[in-house]
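# Coordinates in review
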Amino acid sequence: MNEENYPGSIKSFLLDELCYIIKILSEGKYYVLLEIGSANSIKALTIVQKNYKYYGIDVNSRFVREATQNFVEKNISDKAKVKLMSFFELDSSFEAFDINEKVLIVLPFNLFGNLGNPKKSLEKLFILCQDFIISYYKINRTSYLAREEYYKKCEYKNLNYTKDYSQAKFTSSEGLCSITYDPEYIERIIHELVQELKPSFKIDMVHNSFNLIGLATYVRFNPSPDTSRSG
Ligand SMILES: C[S@@+](CC[C@H](N)C(=O)[O-])C[C@H]1O[C@@H](n2cnc3c(N)ncnc32)[C@H](O)[C@@H]1O
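Procedures and definitions
- Residues numbered from 1 in each chain as written.
- Predicted model: local features only at pLDDT ≥ 70, side-chain atom pairs only at ≥ 80, totals over all residues.
- Core = buried A, V, L, I, M, F, W, Y, C linked by C-beta atoms within 7 Å.
- Buried ≥ 20, exposed ≤ 12 C-beta atoms within 10 Å, placed from the backbone.
- Contact = placed C-beta atoms within 7 Å.
- Near = placed C-beta within 6 Å.
- Nonpolar A, V, L, I, M, F, W, Y, C, P; charged D, E, K, R; others polar.
- Pairing = 2+ DSSP bridges.
- Helix = DSSP H or I, 4+ residues; strand = E, 2+ residues; numbered from the N terminus.
- Axes fitted to C-alpha atoms, helices over the stretch in contact; angles between N-to-C directions.
- Parallel < 35°, antiparallel > 145°, perpendicular 65-115°, else oblique.
- Left-handed = near helix turned anticlockwise from the far one by under 90°.
- pLDDT = per-residue confidence, 0-100.
- Expected span 1.5 Å × (residues − 1).
- Arc of directions from axis to C-beta.

### Side note on the nonpolar core
- With 50 residues, the main nonpolar core has Leu-33, Leu-34, Tyr-54, Ile-105 and Val-106 as its most contacted residues.
- With near-sequence residues (within four places) excluded, Tyr-54 lies in contact with Leu-33, Ala-44, Ile-47, Val-48, Lys-79 and Ala-80.

In C-alpha cells form, the structure reads like this:
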C-alpha cells in the first residue's frame, strides 16, 4: 500500500468512501467507528471532529506506531485509538464493543478482497454481530483500468487479471492477490449465513454505489420482533 502510487481514480474512491461512511454515521445510529485494516488511520481526524470515537486495527506495526503518534500530535488520543491486531483475532471483548456505544465496523478500500475466503470473513462479522460496511471495487472497465494503473505504479511484475461470474482478481509474481466480488455473490453468502447463524435476526442489507469504481455493502442486524417477545 503506497499512497504516492494512487492514481486520481483511487484517490477519489477513498474520498467518496469517507463521505459515504460519514453519511451513514450522520443518520445517528452509531457512536463509534471501528476501521479494520486502518493503515495510516487517515479517517480518524475527520471522524473525531464529527464527534464520533474512532478505533482502528491493523496487522502492520509501523502503521499502528505512526497512527498512534499522529493522534498524540493532533491531540485526539482520547477519542482515537489504534491497535496491532488482525481482523480474525477480533472478538466481543475488544474495547470498541461497549454495550452503551453502538459501533459501526468498516472494512475499507477493498480490504475484504485481500482477506481470502469471503465466507470466512463474513462469518466473522456475523459472529461479532455488529453492523458493518464492506467497501470494495466494482467490476467494470473503469475499475479494471484504475486497479491496473495502481498496481503498475507499485511495480508489481507479471500482473494477471481474471474474472468470472463472482469475482475479478489481480495477481502478481510478488504475491499480490486483490479480489473484488460481484455484490450479488456477496448477497448470496450473506443469505446463507443468516440461515446458518442468525435465523432469528432481521438483517437489512443494501448495496450503495458511492463512486464510479467503488461500492459498499451495508449490513444491519436487528433482532426480529418475534425474538424480543419470546425473550
Ligand atoms: C485497507 S487494506 C487496502 C488494500 C488495498 N485494497 C490494496 O490493494 O492496496 C490495507 C490495510 O489492511 C491491513 N490488513 C491486511 N490484512 C489485515 C488483517 N487480517 N487484519 C487487519 N488489517 C489487515 C494492511 O496491513 C493494510 O494496512
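### Concerning the site of the ligand
- Surveying the vicinity of the ligand reveals 19 residues, the closest of which are Gly-37, Ala-39, Asn-60, Phe-87 and Asn-110.
- For the shell around the ligand, the residue count by class is 12 nonpolar, six polar and one charged.

### Some details on the sheet that holds strand E8 (residues 177-181)
- Pairing in this open sheet of three strands is antiparallel, and the strands run E6-E7-E8 from one edge to the other. Among the strands making up the open sheet, the edge pair consists of strand E6 (160-163) and E8. Each adjacent strand pair in this sheet contributes to an overall mean axis angle of 10°, direction not counted.
- Judged from the five bridges that link them, strand E7 (residues 167-171) and E8 form a sheet pairing that is antiparallel. When the sheet's bridge partners are listed, Lys-169 is paired in E8 with Ile-179.

### Focus on the packing of helix H4 (residues 118-128) against helix H6 (residues 183-197)
- Two elements in contact, H4 and H6, have axes separated by 10 Å at closest approach and are oriented at 50°. It follows that H4 is oblique to H6 by the angle criterion. For H4 against H6, the interelement crossing comes out right-handed. Together, Pro-118, Lys-119, Leu-122, Glu-123 and Phe-126 of H4 and Ile-186, Ile-189, Ile-190, Leu-193 and Leu-197 of H6 make up the contact between the two elements.
- Its residues assigned to classes, the contact of H4 with H6 shows eight nonpolar, no polar and two charged.

### Brief notes about the confidence of the model for the protein chain
- Confidence in the prediction of the protein chain, expressed as mean pLDDT, is 94, and 96% of residues score 70 or more.
- A low-confidence stretch, residues 227-231 stays under pLDDT 50, and its non-local contacts, those more than four residues away or across chains, total two contacts.

### Observations regarding helix H1 (residues 8-25)
- Its 18 residues give H1 an end-to-end C-alpha distance of 26 Å, which sits within 8% of 26 Å, the value for a rise of 1.5 Å per residue.
- Those residues of H1 not exposed but buried are Ile-10, Phe-13, Glu-17, Tyr-20 and Ile-21. Along the long axis of H1, the arc covered by the buried residues comes to 95°, so they all point the same way. Exposed and facing more than 90 degrees away from the buried side of H1 are Gly-8, Lys-11, Leu-15, Cys-19 and Lys-23.

### A closer look at the environment of Ile-127
- Checked against the element boundaries, Ile-127 lands in helix H4.
- What makes Ile-127 partly exposed here is the crowd of 14 C-beta atoms within 10 Å.
- Spatially, the C-alpha atom of Ile-127 lies 8.9 Å from that of Lys-198, the residues being 71 residues apart in sequence.

### Remarks on unusual backbone geometry
- With a phi close to 40°, Phe-109 is a non-glycine residue in the positive phi region.
- Relative to the helices and strands, Phe-109 resides in the loop between strand E4 (103-107) and H4.
- You will see that Glu-155, though not glycine, has its phi angle at about 65°, which is positive.
- You can see Glu-155 is positioned in the loop between helix H5 (141-153) and E6.

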